[in-house]
Every structure is written in structure tokens, then in C-alpha cells.
Amino acid sequence: MRHIISILMENEAGALSRVAGLFSARAYNIESLTVAPTEDPSLSRMTLVTRGSDEIIEQITKQLNKLIDVVKLLDLCDSGPFIQRELMMIKVKATGSWREEIKRLSDIFRANIIDVTDSSYIIEMTGDENKLNAFIETIGNDHIVEVVRSGSLGIGRGARGIQY
Amino acid sequence: MKLSGAEIVVQALKDEGVELVFGYPGGAVLHIYDAIFQQQDVQHVLVRHEQAATHAADGYARATGRTGVALVTSGPGATNAVTGIATAYMDSIPMVVITGQVPKPFIGSDAFQEVDTVGITRPCVKHNFLVETLDTLAETIKKAFYIASTGRPGPVVVDIPKDITDPNIKIDYSYPEEISMRSYNPVDKGHLGQIKKAIDLILAAERPVLYTGGGVVLGDASDELTEIARMLNLPITNTLMGLGAYPATDKQFLGMLGMHGTYEANMAMHATDVLIAVGARFDDRVTGHVEKFCPDAKIVHIDIDPASISKNVRVDIPIVGNVQLVLKDMLRVLRERTDINTNLDNWWKQIEQWRSKDCLRYDRNSEVIKPQFAVETLYKVTHGDAFVTSDVGQHQMFAAQFYPFDKPRRWINSGGLGTMGFGLPAAMGVKMAHPDADVACVTGEASIQMCIQELATCTQYDLPLKIILLNNGYMGMVRQWQEFFYDGRYSHSYVDALPNFVALAESYGHVGMQVTQPGDLEAAMKEAFDMKDRLVFMDVIIDPTENVYPMIQAGKGHHEMQLSPQSEMI
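Residues numbered from 1 in each chain as written. Chains lettered and ligands numbered in written order. Predicted model: local features only at pLDDT ≥ 70, side-chain atom pairs only at ≥ 80, totals over all residues.

## Considerations on the overall build of chain B
Note the threshold: A helix here means a DSSP run of H or I that spans at least four residues, while a strand means a run of E at least two residues long, and both kinds are numbered starting from the N terminus. When we talk radius of gyration, it's over C-alpha atoms, and the globule rule is simply 2.2 Å times the number of residues to the 0.38. Each residue is classified by how many other C-beta atoms fall within 10 Å of its C-beta atom, where C-beta atoms are placed from the backbone; a count of 20 or more means buried, 12 or fewer means exposed, and values in between mean partly exposed. Think of it this way: build a C-beta for each residue from its backbone, and any pair within 7 Å is a contact.
Each helix and strand in chain B was counted, giving 22 helices and 20 strands. Its C-alpha radius of gyration of 24 Å places chain B within 12% of the 25 Å reference for a compact globule of 570 residues. Principal axes of the C-alpha set define a box for chain B whose edges measure 75 × 60 × 40 Å. Burial statistics for chain B: of 570 residues in total, 54% are counted as buried. The contacts in chain B between residues at least 6 apart in sequence include a share of 76% that link residues at least 24 apart.

## A word on the confidence of the model for chain B
Applicable threshold: pLDDT expresses, on a scale from 0 to 100, how confident the predictor is about each individual residue.
Overall, the predicted model of chain B reaches an average pLDDT of 96, with 100% of residues at or above 70. As scored by the predictor, the complex reaches a pTM of 0.95 and an ipTM of 0.90.

## Overview of the nonpolar core
In summary, soluble globular proteins display a tendency toward joint burial of nonpolar side chains. Residues and elements named next belong to chain B. Under the convention used in this document: Note on definitions: a nonpolar core is a set of buried residues drawn from Ala, Val, Leu, Ile, Met, Phe, Trp, Tyr and Cys, linked by C-beta atoms within 7 Å.
Ranked by size, the top nonpolar core spans 205 residues in total, and within it Ala 70 and Ile 468 carry the most contacts. Among the elements that line this core, the one with the most residues is helix 6 (residues 137-149), at eight residues. Beyond its immediate stretch of four places on either side in the chain, Ala 70 contacts Val 21, Phe 22, Gly 23, Ala 53, Thr 54, Ala 57, Ala 81, Met 95 and Val 97.

## Quick look at the sheet that holds strand 3 (residues 43-51) of chain A
Residues and elements named next belong to chain A. Using the following cut-off: Paired strands, in this sense, are two strands between which DSSP finds at least two bridges. In this analysis an axis means a line fitted to C-alpha atoms, helices contributing only their contacting stretch, and an angle means the value between N-to-C directions, from 0 to 180 degrees.
Judged by pairing direction, the sheet is antiparallel, and its four strands sit side by side in the order 2-3-1-4 without closing on themselves. Two strands close off the open sheet at either side, each with one partner strand: strand 2 (30-37) and strand 4 (70-75). In this sheet, neighbouring strand axes are inclined to one another by 15° on average, regardless of whether the strands run parallel or antiparallel. Relative to strand 4, strand 1 (residues 2-10) runs antiparallel, the two sharing five bridges. Counted as the bridge partner of Ser 6 is Leu 74 from strand 4. Each of strand 1, strand 3 and strand 4 is contacted by helix 2 (residues 54-66), which is oriented at about 160° to strand 4, the strand it contacts most.

## Things to note about the pairing of strand 5 (residues 95-101) of chain B
All names here are of chain B. Where we set the bar: Handedness rule for crossovers: strands pointing away from the viewer, path from the first strand over the helix to the second running clockwise, crossover right-handed.
Among the seven residues that make up strand 5, seven are buried, leaving the element largely enclosed by the rest of the structure. Judged by which residues are buried, strand 5 turns out to be covered on both faces: Met 95, Val 97, Thr 99 and Gln 101 on one side and Val 96, Ile 98 and Gly 100 on the other are all buried. Pairing of strand 4 (residues 68-72) with strand 5, which is carried by five bridges, proceeds in the parallel orientation. Bridging from a neighbouring strand, Val 69 pairs with Val 96 of strand 5. For the segment spanning strand 4, helix 4 (residues 76-90) and strand 5, crossover handedness is right-handed.

Below, the structure written as C-alpha cells:
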């Protein structure tokens, strides 16, 4: 099962390496990982997407909690309703009749075209993982030049912030 | 007062109550060594290899419960220390290792004697720090000691760039009285509801077993454990790391369990209906094949580390907390119960039947010294009261099986990592902690050569250890596996070109003795231990064909032990 783990950690040099090192040392799988400082510059928020059985996920969360730099950890899939978002920038071939078609598809997916040449567009899109996957499938490999994705971010719904 | 970085390091150690540092100098730590030279409160012990500095600090910590301290230089000094750091990490030993580092402007430039110490040690430390500024140095050292010694203990590395220790730059020094870290809050008290549930389960058990490990020793919970075991008449077994937590000579003790555990301990584990795991982590050497482990048991697991719970084996009643506090709470609840029935007669009858297999029996009529006999003689001569360190292999298993430890912190060995070379430097650390006690290092001729240079440290600091070398001309455990599983193809397990150990010991100024006859052994050992101020290196020539039994082979369960040819005959 796919789990989205949100980690609040001390914004220290090497904190990211510790998490990455933990995963590689124990052969856990990282599908995507993104990290940046929060409104408190001493804290970073990391969102990690991993896949595994319930026992593996339980071990992963326990081992992450053991890291001295980790202040608070949340498995978003187990903590109530949450919102998942990811940013993608996709460079596509845009020539001939495809040019109009791609513009139409972007509008349908509520994406923005942020770069234009006479043979290409760069399309910027946010959404959950499924929406981004669907767009890539719709455009098709023949027209895709390059794809850059940020990895998923997650945040719990409602008024409460992450408690620590 | 205004102090330089080097002086801050030494003063911080003093303020932490550190009396002993094991170390080896080098360029990156010269300022620190200069500061050490100009004071008397913190004693420095010069080893002959950085690996020995970490093993000595480790042995010191295991024998006292205090945090061991090692000091090494950058680059090769730090990398030489990695084995000792990983050894401490696998056995959860509280240790602070201070490593020098190249000056900050040089970091990342492939400078002379530079390595990424923080990167290299990251997977084998509880935590590590690179000190970035002088004003964080004292607080970082305070944090290091706090992290190393609380919760599940472990080694912490503090990497200090040379320019931070510059003797010409001084700042106001103050050592924090207390430290709190929002990201680190070790759990202390166990959940009382879980404790009560566990007690209900234990009191209703028909075939309970207490399975206890190194956590009881690290958590100083030996007294509480002994009281509970006696109160409830429980059969009790220890892991390799837990030996001594419960008096081994007591009739309720089943012996060590696991791959080379006793028949009665392993059979009891297989048949138990309630397994009470205290400060043990269900390691693969103990469980045998996990699918076959304790098939009928409900499991209570008391441990300070939540990540150890249900990691290899799913447990039914987990209790996270400091083992001493949890057991104290259990005792309090038990004393208020009026329904305690300690009648386990049927279970004990079954256990006595298993005991009658005499699984540790060996040929006592041999003309060659048997390793089991050598350890039994050591026990007799030291009245079972010595501190015993060991290296890794057959001799380690024989020492664990044949020297019954009645007290915790007496049996000092590398269980988790299994580091050959650990025995001699660890014994140095133990002896410095307990100068008046008998300290014996049981070792093999392959293991002892890995840190043999430390005989010089023993000369310099007058450490009258007793080294009991069980010399069989092989890497015994490797040879045993090659005999069992590789049709006797002894690939590189014979130890060729052995030195004359007696002459070698004498060349360092110690006493060397070789013993070949069983009849001579006791008198020779007694003579060795009577020499209170000399290190005695006893080269005991033993039977090379002895194997360690019982043995649980790979893929087998506790009930599928291989017994010695002598025991099979019963």
C-alpha cells in the first residue's frame, strides 16, 4: 500500500541525508521525497511517499521517529482526511494540429502554459498524483519531450495544525 | 572564564564527570591534546590503534554503566574508529567519540587526512554532530552525552574541525546544567494498563518463560528482574548479551538460549504458552527460523525502543518504557494481587526432563585440554567473580556456556556486531574501571592477533590482565561451519604462522605461560591470577576438533537442535 508520510524535522545540515540513508540502509523504497523549510526557519517539513505492507510501514515510521532530528511524524493515510498535491512541468512538442489540441487539453486539466516556442509548450500543472498521471497518459509519449515532477505534498484537512 | 575551543572540550568533559578518555593523537586534534597535557583532572590513556580506543571506552562503559569516551584524529583516525563505533551501536552502549576534523575552510576539498566522518558514521551511530561554530561547542558536547546515555543508549560522534579548537580564540564558557531537545524525548514510564494486562496473562500461564536480554543489564534492572522471577517461580533464560542479569547458578535459570543455547532453554521456548521478553530484541541468533518461533505463545515485550517491538516477531502485549521502572511498576501491582498461584509443578517437571539430557556434557577423560574444561577451570580459580571479556567465535560460546555469571556487567563481549579484536582492548577499559578486580580476556589465536598491539598499552599503564588464549590452530567457529556445511573444506580457517605467544608476551614485558596438559591447567591458572601486578598471557593448547553444541542450524526452529554426540547417546 502507498503511504504519504509527513515529517517535521530540525532544519540541520544533513537531516535529509539521515532520512535517505535510513531508507537505503534498510532497503525501504522511496517513491518520492520533497523537503523545504517551514514558516519557522529552524524547522523543515519533508513529505515522503513510500510503498509497503502494513508491517513494513510500521517499522518505517518507528525507525524515522528514532532519528534524533525528527520532531514529529504523521502518516497522512492514517490521520484523517488530507489533501495531496504535486507540481509538474511538462515540455511537449506542439506543432500542426496538435498545437490547438494541447491548448485544449491544458484548459480541461486547468493547467497553465508557461513557455512558448513555435514547436513546443511547457505546461505547468498542480493536482494530485492521479490527475498528473492522467495528463501524461493523455498527451502520450510521442509528444512528450521532458517531464519534471516535484513529488507529493500532503496536509491534513481542518483547522488543527501539526502538533509537536 | 574565557576558554579556547580546545580548553572547552576538556572542561566540558570534566563538567560531565568524565575521568578517563581513551585516545590517539594526530594533526587535527593537536590543540585538544595540548589542553589535555596542561591539566590533571581528565586522565588520557594512549592506545596503539584507534579501534582499541573505541573498544576500551566500550568495555569501560559496559563494566560501569557510565558513558565511555574516546578521542581520535581526523581521516584515518576516524575510519579506524568506525569498527568500534559500530560495535557499540549494535549492542547499544553509551559512548561519546570525539573526532578531529580538518579546518572548516578545507572541508570538502579532499584535504590531507580528511574524510566525511559524519557521512561515514551516520548508519552506525545513535547520532552525530559536526561542530560548525565555537559558540555551539559546549552545548553540542552536552547534547552528545545526553543522547548517548538516555533512552536506548548508543554511540554519539562529535566531529570538531581543527580551527574551532584554536588556542588563540577564546570565548566565555558556560556548560549547560540541563538540556532539552524538542525532537528527542525518550519514554520512561510504561503504560500501566498494558502492565496490568501483561500481569493477568502471566498469572494465567501454564508454561511461562522469562526471556531476558542486554536491556536488563543496560537498564540496571537485575534486582527487579530477580525479584519477579522468584516471586512467580518462573523459568528464566538469558540471551548472550543478558548473561549475569539473573544469577546463572540459581535453579530457576535454564541457561542461555538461541543458536548455541542449552537444550532445556530452547525446548522451553518452543513449548511456552506465555513468553515474557524483557530488554531483548528477538535477534536472529536467538529466534532460529522466525516462522517456527514460539508457535503456541502469547508474547509480552518490555523494551525501551518502540522500533524493536514487533520488528522480527509480532508481539501481543507491548510495553514501551525504561525496563527498571516498568518492572518496579509490575512488582507494585503484583504485591497487591491476592491470587498469585506459583504452582508450575508440571511445567518444571517437563523442564527437569529436558535438563537430564545434559546437553553441555563433553569428554572429561581427554588427554588434550578441552576448551570447556579451560573455561570451567577459569570459573573455579576466579570463584565465578571475575570480569570476563571475550573475542568472537567458539571460545566466546564456550565462555558463555561454561562460566555461570551471577552478576550483571561481568560478561563483556561483542554480541551484535561480533567483532574479533574486541576482547583485549575491552579488558583494558574494564580494568581501568575496576583496578582491584580480576579481569580475564578469553580469546582465540585468530581474534587476539587483531588488536595484539595493545599489549604495549597494558605495559605502559600496568594493567595486570589475564589473557586466556584457547589455542586450537583454527578460526574455530569458521572451521565448525566448514565441517558441518562445506564437507570439511577448510578454506582459510587455519591460522598458519602463529607467533610464539609466550615470547611475544615477554617481549612486551609481560609473563607468558603455555599449558598443554589438563592436569597442569588449574595450578597454572592459579599461579597466573595470584600475580596481582603482572599481565599473564596463558597460551592454552586445546583440542582442535571440539565443536560448540547444541546448535540450531539455519532454517531450523528451537526444537530442531543438533546435539553433541555425547548428549545424543542419553
